[in-house]
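Inside the fold
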Amino acid sequence: MAVETSKGPALGYTTESTRALFRVVILCFIAAAAIASRLFSVIRFESIIHEFDPWFNFRATKYLVANGFHKFWDWFDDRTWHPLGRVTGGTLYPGLMVTSGAIYHALKTLTVPVDIRNICVLLAPACSGLTAFATYLLTNEMTTSPSAGLLAAIFMGIAPGYISRSVAGSYDNEAIAIFLLVFTFYLWIKALKLGSMLWGALCALFYGYMVASWGGYAFITCLLPVHALTLICMGRYSSRLYVSYTTWYALGTLASMQIPFVGFLPIKTSEHMPALGIFGFIQLIGFIEYVRSAISGRQFQTFLVTILVATFGLGLLGLVGLTSLGYIAPWSGRFYSLWDTGYAKIHIPIIASVSEHQPTAWPSYFFDLNFLVWLFPAGVYLCFQELRDEHVFVVVYALFGSYFSGVMVRLMLTLTPVVCVAAAMSASQILDTYLSWKSAVPAEEQEAPKKVKGGLRGVEKPNVGIYSPLTKVLVSGSILVYLLMFVSHCTWVTSNAYSSPSVVLASRMPDGSQHIIDDYREAYQWLRQNTKEDAKIMSWWDYGYQIGGMADRPTLVDNNTWNNTHIATVGKAMSSREEVSYEIMRQHEVDYVLVVFGGLLGYSGDDINKFLWMVRIAEGIWPDEVKERDFFTSQGEYRVDEGATDTMKNSLMYKMSYYNYGSLFPPGQAADRVRQVRVPDQGPVINTIEEAYTSENWIIRIYKVKDLDNIGRDHVSAAAFERGQKKKKPTKKRGARVLRLD
Amino acid sequence: MWSILSVAAALVYAAAVSAVSTAGNRLLVVLDDVAEKDLYSQFLGDLTARGYDVSYETPRSEGLALFHLGERKYDHLLFLPSKVKGLGPNLTPSHLVNFVNADGNILVAQTSTVPSSTSIVGFLSELDISLPVERTGTVVDHFNYDVRSAAESHDVLVVEGPINIRPGLKPYFEIEGGVVAFPHAVGHVLGSGPLLSPVVRASATAYSYNPKEQAEVLDADDLFAAGQQLSLLSVFQARNSARVTVLGSAELLQNKWFEAVVGKPGGNSFRTDNQEFAKRVSGWAFQEIGVLRVNSIEHKLQESDELNPGIYRIKNDVSYNISLSEWSWDKWVPFTLPQDDVLQLEFSMLSPFHRLNLARRRTTGDAAVYGISFTLPDQHGIFNFKVNYKRPFLTNIEEKNTVSVRHFAHDEWPRSFVISGAWPWISGIGATVSGFVGFCAIWMYSKPVGKKN
């Protein structure tokens, strides 16, 4: 389809209105393709919310729909972070939920009753259609080539880098945030080009919507000032820049401060300081420009130097002073880890433990972007050809986007739009050049202006090469092949890598048929049906949102990792001896403990593999009680078999994972298929908790925390009595008698 | 006439029968020989008169079972001394522990003339109560014995007016000026668990020995226990409030000691109060006294009428009331705290934010209401109103009412014009707005003069 789109304008014999019609039809097709390719997950599995965070968003949306906006705004959630609770209404980005809520109510008003779940599942694909359109608009601002916008739209529509976060069911903030990101950039460029207050205000409006939707709004908050600063440094200050920037900043900041979670952050934290600084700086420049027009050159020079030095000195002093006094929060740890990828690993294990916060591996660029990866630099190069204000924006965006995407896997998402835009520019340049059917000699005059705008300098010279049919067929043929390969790659990646709900696992039977492993939902359903309404479930935080969403039970910690100490408490309970853990569990009123164990199935994302993170996070708070070193053997190996350390074998996590595991196998054959080791036949003994439930494939194991012994014994002796072991006769009086004092 | 009288008598009897322990009236007495019960006829008659449905079984009996289809068959067990070494497959320690876990009460009476059964020893050792080695031992006291019946053996102990061993307890076992005889008692030693409490301890001069093996000489290392470490009557209350009572002297319950006259060396003779004491011991053991009931718990906002809401806001003023009754032999009465004791309320999340003494607010027919009003802490979260009142002799009260305490909603803060500190800013806004409007007005109506011409 992409090829077809590029042909329309290149053919050159259609009238303007036919082209417009074509464009609309093609954009509709692109939107349809973008939506359709995201439906793999629904077709393969079912209309289900995916992964982890979407479950919280889904739960929050249900709350919003059920209780209305005011209740949602003031929502105190007493079913998470037990017993602390969470001021959920003030600590989330409400944009996503409010959007689906609005759609739900709109449909209801139109008497189209749609289940809120289906709205949530399909919101991301629907937004991806809009994103494609927004990318079309943004690209059209960059180049006059009419095919570039359409190419960018289809690239954006099916690029795996964006699909990874927007398949049906992936009901996450990014679902709408990427559309808002691209559209805000489009409005910014528009405002900057026209110097229009109206477009600036629109930009601020969508910026406000973006702030309401995703924490990644900081990217816009920092990118626009950097763009403005770059323009100023290039000597491109203009009243257009002044109007658009100040309009955007003033209105956008006010809008962002209306979100409770953001509140006063825009004037308090370092992340927002560039925008504020540039706002001040641009006032200064405006003032200087005014003065320059009023006074003579020599006086002006002195004036300029004094003003600049004074302002920067004062500004810097003020910033440092306010930061050290604590009025401005210094850069947060999450931000440091953007600069130094090793920072989080040492200082904030909780951030480093998240897989999507890991640095990106090189192959994933190709995986997520395919041939756009090498078209992208070409597109950036093309920007330098003209280098108008908006091209500077693409260059700045490309620079920062590439850097950040290398630091964190998830930021590949913010890179994808600019890659699509730049790649579309270069692809359209190639196609425009080589798909022209005009012969060299008479076309000279018509081709020339076009090439000045966007042609490669090398091909500008009258050269027979690009006019010869062979070259045209070869080059456009290979681009066609690349485009086709891109489509097939995207389809393959989407269907194989990004469409798994991860709540449901799929595997192949020996005969090739698909086998669904549904342990998660099985276990959550068990919890929902067999435990008290307010039974508190302790698990590692990864499963908090799912337990809240699917099992509807209170949890101790969840994926909203706002309280490191609470998470460390759970980590300590998991990594300590039973007796220590029991005290923690009693104090937190835990009724059930849930662990994920993949040993039987070979499911590597289980808790034993995550265990070291629990240990590290707990060690961060209680360095004397939990020590990572104790979980490694003297050779420094992390083992779970016979050779495991005593600390490991006595930890609650190990006991819960391997309890009774040996009984599944013939003697001497018990094996862990993830770690590929043989585990001891004599499994661990547990006293303070009892097995309540184990799912079909042993992925989820749930244990019930025992109450205190009714007749006051400790759990070890009570359990020994249960097993029929006689109490040891008190050893013949050795030492002093133990006297009772009453 | 007689018929009317008999009907009246039957009604009185029925009333007496209905008025019995809160835990039920099915009592099983386990003893060696059913004929032996004649020795205890007065005591057992008292129990029947109080409304118990008494069954008798020997440990050897085939049909003896504590549970039927998972349900308790009896509410209370009374173990009288038995010569059987073990009590058979139906009365193993684990059966007895299960019986206690299922809210059954057990009264164990022992005597030094018969070794205790292994089953009882095993069961008591689970409760952290130790009996003398070899299951035999007798407590003697060369200063406080009955000169009439045990002038030589000194093994009938005379305890004057049993009084509570520490203040702050209900006087259930106290008989002022009374005398209780403990003939042929087996002493036991208690562990230091909080569920155990001694009621009658041997005097400082008493000690325990095995008359068969230690008749001649008692090595200090082989001494089981002496003095006040030696308990003659101890009570145990499990977390579910099931009661286990260990009475060192079964003969205390026998008819002949109910009316006996005893005398200490060099002292006067008294009639024993064994009958009254036996009534109190059995009454306590089978939950006829010292049983508390929580009638209702009410917490609410002070200015609201909505009872027990699930959610409060930080810094709300709330009031909390708990209504308590106590079962006293045959009726519920308002629960009065023992002297020097307080009932406390904890308002806690992980740890208590408040620990407050509850005051007696009012008394209704059979209930006393304790309550307090206080301000919630400035911390949101999931809190518990917790009354954790566990005292010896009284059934446990552990009441937890979970409420959420939320933060201020966005419209519950004071408005900006109420805050004096905001006035400069508000006037700033006012000045800006009026300045802008004024400027616009001036701009629009000040046409350039020159153009008129």
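Residues numbered from 1 in each chain as written. Chains lettered and ligands numbered in written order. Predicted model: local features only at pLDDT ≥ 70, side-chain atom pairs only at ≥ 80, totals over all residues.

**Quick notes on the overall build of chain A**
- Looking only at helices and strands, one finds 32 helices and 8 strands in chain A.
- In terms of principal-axis extent, the alpha carbons of chain A reach across some 115 × 70 × 60 Å.
- A burial count over chain A gives 44% of its 742 residues as buried.
- Taking all contacts inside chain A whose residues are at least 6 apart in sequence as the whole, residues at least 24 apart take part in 71%. (Helix = DSSP H or I, 4+ residues; strand = E, 2+ residues; numbered from the N terminus. Buried ≥ 20, exposed ≤ 12 C-beta atoms within 10 Å, placed from the backbone. Contact = placed C-beta atoms within 7 Å.)

**Describing the overall build of chain B**
- The helix and strand inventory of chain B stands at 7 helices and 27 strands.
- Taking 2.2 N^0.38 as the reference for a compact globule, 453 residues should give roughly 22 Å; the C-alpha atoms of chain B span a radius of gyration of 34 Å, well beyond that estimate.
- In terms of overall dimensions, chain B has C-alpha extents of about 145 × 70 × 45 Å along its principal axes.
- Of all 453 residues assigned to chain B, the portion counted as buried reaches 38%. (Rg over C-alpha atoms; globule rule 2.2 N^0.38 Å.)

**Quick look at the domain arrangement of chain B**
Residues and elements named next belong to chain B.
- For chain B, the domain assignment lists domain 1 (18–287), domain 2 (291–406) and domain 3 (417–442).
- Between domain 1 and domain 2, the C-alpha centre-to-centre distance is 36 Å.
- On the side of domain 2, 14 residues touch domain 1, which itself brings 13 residues to the contact.
- When the residues that make up the side of domain 1 that touches domain 2 are grouped by side-chain class, the tally is 5 nonpolar, 6 polar and 2 charged. (Domains from an automatic or database assignment. Nonpolar A, V, L, I, M, F, W, Y, C, P; charged D, E, K, R; others polar.)

**Focus: the UniProt feature "domain: OST48 N-terminal" (unreviewed entry) in chain B**
- Annotation from UniProt places "domain: OST48 N-terminal" (unreviewed entry) at residues 26–285 of chain B.
- Note that residues 26–285 of chain B is 17% helix and 27% strand, and that its end C-alpha atoms are spaced 13 Å apart. (UniProt positions renumbered as here; feature names shortened; annotations may be inferred.)

**Considerations on the sheet that holds strand 5 (residues 76–79) of chain B**
All names here are of chain B.
- What the 7 strands build is an open sheet, ordered 2-1-5-6-15-14-12; its pairing is mixed. The outermost strands of the open sheet, each flanked by one partner alone, are strand 2 (53–57) and strand 12 (196–201). Neighbouring strand axes in the sheet, compared pairwise and without regard to direction, differ in orientation by 15° on average.
- As paired elements, strand 5 and strand 6 (residues 105–109) share 4 bridges and run parallel to each other. What sits directly across from L77, in strand 6, is I106.
- In this fold helix 6 (residues 274–285) packs onto strand 6, strand 14 (231–237) and strand 15 (243–247), with an angle of close to 150° to the strand it touches most, strand 15. (Pairing = 2+ DSSP bridges. Axes fitted to C-alpha atoms, helices over the stretch in contact; angles between N-to-C directions.)

**Quick look at the sheet that holds strand 19 (residues 311–313) of chain B**
All names here are of chain B.
- A sheet is described by the order of its strands in space; here 5 strands give the open sequence 19-27-26-22-23, paired in mixed fashion. Among the strands making up the open sheet, the edge pair consists of strand 19 and strand 23 (351–357). Ignoring strand direction, the axes of neighbouring strands in this sheet form an average angle of 30°.
- Bridge count between strand 22 (residues 344–349) and strand 23: 6 bridges; the pairing is antiparallel. Along strand 23, the bridge assignment pairs S348 with P352.

**Some points on the confidence of the model for chain B**
- Looking at chain B as a whole, the pLDDT averages 87, with 95% of positions reaching at least 70.
- Two summary scores accompany this predicted model of the complex, namely pTM at 0.86 and ipTM at 0.86. (pLDDT = per-residue confidence, 0-100.)

**Remarks on the pairing of strand 1 (residues 26–30) of chain B**
Residue and element names in this part refer to chain B.
- Extensive coverage of strand 1 is indicated by the burial of 4 of its 5 residues.
- Pairing between strand 1 and strand 2: 5 bridges, direction parallel. Its bridge partner lying in strand 2, V30 is registered against E57.
- Remark: the strand 1/helix 2 (residues 41–49)/strand 2 crossover connection has right-handed handedness.
- Pairing between strand 1 and strand 5: 4 bridges, direction parallel. For L28, the partnering residue across the bridge sits in strand 5 and is L77. (Right-handed = clockwise from strand over helix to strand, strands pointing away.)

**Some thoughts on unusual backbone geometry**
- A cis geometry characterises the amide bond from A:H82 onward to A:P83, with omega recorded as 0°.
- Positive phi outside glycine occurs at B:H184, with the angle close to 45°.
- The residue B:H184 is located in the loop between strand 10 (179–183) and strand 11 (189–190) in this model.
- For B:H184, a count of 22 C-beta atoms within 10 Å translates into the label buried.

**Topic: the packing of helix 9 (residues 173–194) of chain A against helix 10 (residues 197–213) of chain A**
Residues and elements named next belong to chain A.
- Following both chains from N to C, one finds helix 9 and helix 10 inclined at 160°, their axes separated by 8 Å at the closest point. In this view, helix 9 runs roughly antiparallel relative to helix 10, as classed from their interaxial angle. Both helix 9 and helix 10 take part in a crossing whose hand is left-handed. Contacts between helix 9 and helix 10 pair N173, I176, A177, L180, L181, F183, T184, L187, W188, K190, A191 and L194 from the former with W199, G200, L202, C203, F206, Y207, Y209, M210 and S213 from the latter.
- The residue inventory of the contact of helix 9 with helix 10, partitioned by class, reads 16 nonpolar, 4 polar and 1 charged. (Parallel < 35°, antiparallel > 145°, perpendicular 65-115°, else oblique. Left-handed = near helix turned anticlockwise from the far one by under 90°.)

**A look at the interface of chain A and chain B**
- Contacts between the two partners involve 22 residues from chain A, matched on the other side by 30 residues from chain B.
- Considering only residue class, the side of chain A that touches chain B consists of 10 nonpolar, 5 polar and 7 charged.

**Quick word on the confidence of the model for chain A**
All names here are of chain A.
- Looking at chain A, pLDDT values average 85 and 90% of them are 70 or higher.
- Here residues 1–11 is modelled with pLDDT under 50, and outside its nearest four sequence neighbours on either side it reaches 30 contacts, counting other chains as well.
- Residue range residues 442–455 is modelled with pLDDT below 50. Its contacts to residues more than four positions away, or to other chains, number 14 contacts.

**Details of helix 24 (residues 469–496) of chain A**
- Taking 1.5 Å per residue, 28 residues should reach 40 Å; helix 24 of chain A reaches 39 Å between its end C-alpha atoms and fits that length.
- Among the residues of helix 24 of chain A, A:I479, A:L483, A:F486, A:C490, A:V493 and A:T494 are the ones counted as buried. (Expected span 1.5 Å × (residues − 1).)

**A short note on the pairing of strand 5 of chain B**
- Burial of strand 5 of chain B is two-sided: the residues B:H76 and B:L78 facing one way and the residues B:L77 and B:F79 facing the other way are all buried.
- Remark: the strand 5 of chain B/helix 3 (residues 93–101) of chain B/strand 6 of chain B crossover connection has right-handed handedness.

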